[in-house]
Amino acid sequence: MAADLTAIRHRIAELSDEIRDHQFRYYVLDKPIISDGEFDLLLRELQDLEAKHPELKADDSPTQLVGGGIATHFQQHDHIEKMMSLDNVFDEAELDQWFERITKAEVSNTWLCEVKVDGLAINLLYEKGKLVRALTRGNGMTGEDVTLNIKTISAIPHELNGKAIPDLLEIRGEVFFPIKAFNDFNDALEEEGKERFANPRNAAAGSLRQKDPRVTASRPLSMVVHGIGAAQGVSIDSQSSAYEILKSWGMPTSTRYKVVKSRDQVREFIAYYLEHRHDVEHEIDGIVIKVNEFSAQETLGFTSRAPKWAIAYKYPPEEVTTKLLDIKVSVGRTGRVTPFAFMEPVKVAGSTVTNATLHNAQEITRKGVLIGDVVVIRKAGDVIPEVLGPVIEKRTGAEKKFVMPKKCPDCGSTLRAMSEGDVDIRCPNSQSCPAQLVERIYYIGSRAALDIDVLGYEAAAALLGDKLITDESDLFSLSADELIRSPFFTKKDGELGANATKFLEALEGAKSRPLWRIIVALSIRHVGPIAAQALAKTFGSIKAIAAADIDELSAVDGVGGVIADSLVEWFGIDWHKEIIAKWEAAGVLLVEEQKAPTEPQTLVGLTLVVTGSLVDFTRDGVSEVITAHGGKASSSVSKKTDFLVAGEAAGSKLTKAEELGVRILNETQFKALLAGGPSALGD
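A brief look at the structure comes next.

Reading the values: rules and limits
Residues numbered from 1 in each chain as written. Predicted model: local features only at pLDDT ≥ 70, side-chain atom pairs only at ≥ 80, totals over all residues. Heavy atoms only, no water. Helix = DSSP H or I, 4+ residues; strand = E, 2+ residues; numbered from the N terminus. Rg over C-alpha atoms; globule rule 2.2 N^0.38 Å. Buried < 20%, exposed > 50% of the residue type's maximum accessible area, 1.4 Å probe, protein only. Contact = heavy atoms within 4.5 Å. Areas by Shrake-Rupley, 256 points an atom, 1.4 Å probe, with all protein chains shown as cover. Phe/Tyr/Trp six-rings, centres within 6.5 Å; stacked < 30°, edge-to-face > 60°. Lys NZ or Arg CZ within 6 Å of the ring centre and 35° of its normal. Axes fitted to C-alpha atoms, helices over the stretch in contact; angles between N-to-C directions. Parallel < 35°, antiparallel > 145°, perpendicular 65-115°, else oblique. Left-handed = near helix turned anticlockwise from the far one by under 90°. Nonpolar A, V, L, I, M, F, W, Y, C, P; charged D, E, K, R; others polar.

1. Examining the overall build of the chain
Item 1. Helices and strands together make up the secondary structure of the chain, namely 24 helices and 21 strands.
Item 2. Relative to its length of 683 residues, the chain is compact, with a C-alpha radius of gyration of 26 Å against a globular reference of 26 Å.
Item 3. Once the C-alpha set of the chain is aligned to its principal axes, its extents read approximately 70 × 70 × 60 Å.
Item 4. Relative to its full complement of 683 residues, the chain shows a buried share of 51%.
Item 5. Long-range contacts, defined as pairs at least 24 residues apart, comprise 66% of the intrachain contacts of the chain with a sequence gap of at least 6.
Item 6. Accessible area of the chain: about 31900 Å², with a carbon and sulfur share of 50%.

2. Considering the environment of Trp575
Item 1. Positionally, Trp575 belongs in helix α21 (residues 574–585).
Item 2. Separated by 102 residues in sequence, Trp575 and Ser473 have C-alpha atoms that sit 8.8 Å apart.

3. Quick look at unusual backbone geometry
Item 1. Despite not being glycine, Asp451 shows a phi value in the positive range, around 55°.
Item 2. Within the secondary structure, Asp451 is located in the loop between α12 (434–445) and α13 (457–465).
Item 3. Residue Asp451 is classed as partly exposed on the basis of its relative accessible area of 23%.

4. Concerning the packing of aromatic side chains
Item 1. Taken as a whole, this structure holds 16 aromatic pairs when the rule is applied.
Item 2. Judged by centre distance (5.4 Å) and plane angle (50°), the ring pair of Trp98 and Phe99 falls under tilted. You'll find Trp98 and Phe99 in the same group, each marked buried.
Item 3. An aromatic cluster of three or more residues is present, and its members are Trp98, Phe99 and Trp111.
Item 4. Looking at Lys328, its charged tip hangs above the ring of Phe342, at a distance of 4.4 Å from the centre.

5. A short note on the environment of Asp59
Item 1. If you trace the backbone, Asp59 turns up in the loop between α2 (36–52) and β1 (76–78).
Item 2. Under the relative-accessibility criterion, Asp59 is labelled buried at 16%.

6. Some remarks on the environment of Leu681
Item 1. Residue position: Leu681 is located in the segment after α24 (667–676).
Item 2. Judged by relative accessible area, which is 15%, Leu681 ranks as buried.
Item 3. Residues Leu681 and Leu665, 16 residues apart in the sequence, show an inter-C-alpha distance of 9.4 Å.

7. Comments concerning the packing of α12 against α13
Item 1. For the pair α12 and α13, interaxial distance at closest approach is 8 Å and the crossing angle is 130°. By the angle class used here, α12 and α13 are oblique. In this structure, α12 meets α13 at a crossing whose hand is right-handed. Touching Leu437, Val438, Glu439, Ile441 and Tyr442 of α12 are Tyr457, Ala460, Ala461 and Leu464, all from α13.
Item 2. Tallied by class, residues from the contact of α12 with α13 come to 8 nonpolar, no polar and 1 charged.

Have a look at this one:
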């Protein structure tokens, strides 16, 4: 039983890290590597495991948080009112369960149904009718300031017109790339020899995050509003009346919504747009159903990440068939060998594809896919399509079984599972496997790691192919004299190109990135941004992390046993130590910069645990607040816990705190503690 629980704990940690990584790629980088359907399956698996084993659910689990992340190119500002995500359902049975929960609340309501725009969520702040700020969703509490770029979109008024303009109003909506305009834009990119956007959502997000607003202005973006956040000086009683009022003020509201009075009418709306989804000017991935009356919405309330009074009914992704010509494998930066389908070109969800993911050998066997099969693939506008399975009746007998290679296709090393129960096989030659090397160098330059200008995939391949570096250890000691030996960094006359100067400047700037980003850039298996930040805060330097033992590492909130094992293994390898030594010699900052605290240090020496949903703090945000005030934010209650902050729907941690005699605070008391320390609580 203990072994089973250990395996489940391991899977939860693995899923959490993988989901966070995909959220970062989707919300921050705008470059997802899996489909929405695949992501939903990962999240659902984690939700199911946590439901069966609630004692293993961490407060910072991806199931408890709004997914969006923060990019680094724009200033960050807080939303006045939290910007929530939506929970999803995928079939009528799940929709009925949601209806039943609403019914039990005994609220009188009608339903507002609207198409779910597949775009980028935006929050517009109007003060006395004038647009003063536009923020992306970010983490729900804080977003990126994209005001100048938003003002280039003709559909969005810079000033509200009409009667009874409120003193302050947050308007929520989705920025999108119209499908026809997207196709024309992609064709133009292709003619110029530039990379096409994968889908309209990526094009919208990429266009809105341009540093130069003139670039955004050249893209035919539009917007549709779907809600209101904070409001002062206006009284609205329903979702539908909100849309009418917003339209009267000049906001771009959708005509594709309907107020209905029964579940059957909701289902009819869902069925209509499933059939007519391609008749809409923008991409949609489902229908949103909301309780129409605001009084009922207030009664129903919110979870920590989503309103209880709204749900998104997600349509199944689109599917097509094509012939599977071959199954090949690719090797990633951590050595993972992933099979992928090479297919006859087929158009799906607006783009032509030839490759699709097959995940691992076990998945190929489970799906019963053979080389030569006619296969069903699913894409729905996502970056990487997925093979769902074969069309058995179209088999001719000439199909053949895929055999996973025993040798790495790039370096010839014998492939193997890296740990017991690992469904993936990996190339163990992490030091010199060409595929792993180029992927790792490329990853170092990505926005997920050190965000080094020019260091894309082609640059990484050139650095290695032209033998300017042997691995990542040489990266930060590169000079102009070395770059001039590579055609990638030189002009036709043999002189250094502008990209070389930009690259060297970017390398120099990357040397002083925060410690947690340096840790992420090392490509240590299982170590993502959350774990890296926890390690940086706890140990303060790479040297201290390398010297820590498994017990010390696993005790860090956000790390745990699996990551601790991986860290000890990584720092125990000689050539990894050489990377650290060479980076340090080249001037890379391998310590956490000590900054003077900006908040009163009222929590010094105190350990706090937060459970349940708070009104004015997100789960990530409350941990940051505790740390900023000098305290320690822990994820588990123990005798060392000084205070438990209990919000709505507090769970087992509250019970344990009561058993241990830990003092329990509500949100008001917590705010008093932040302001004045323990003495502010009295007796």
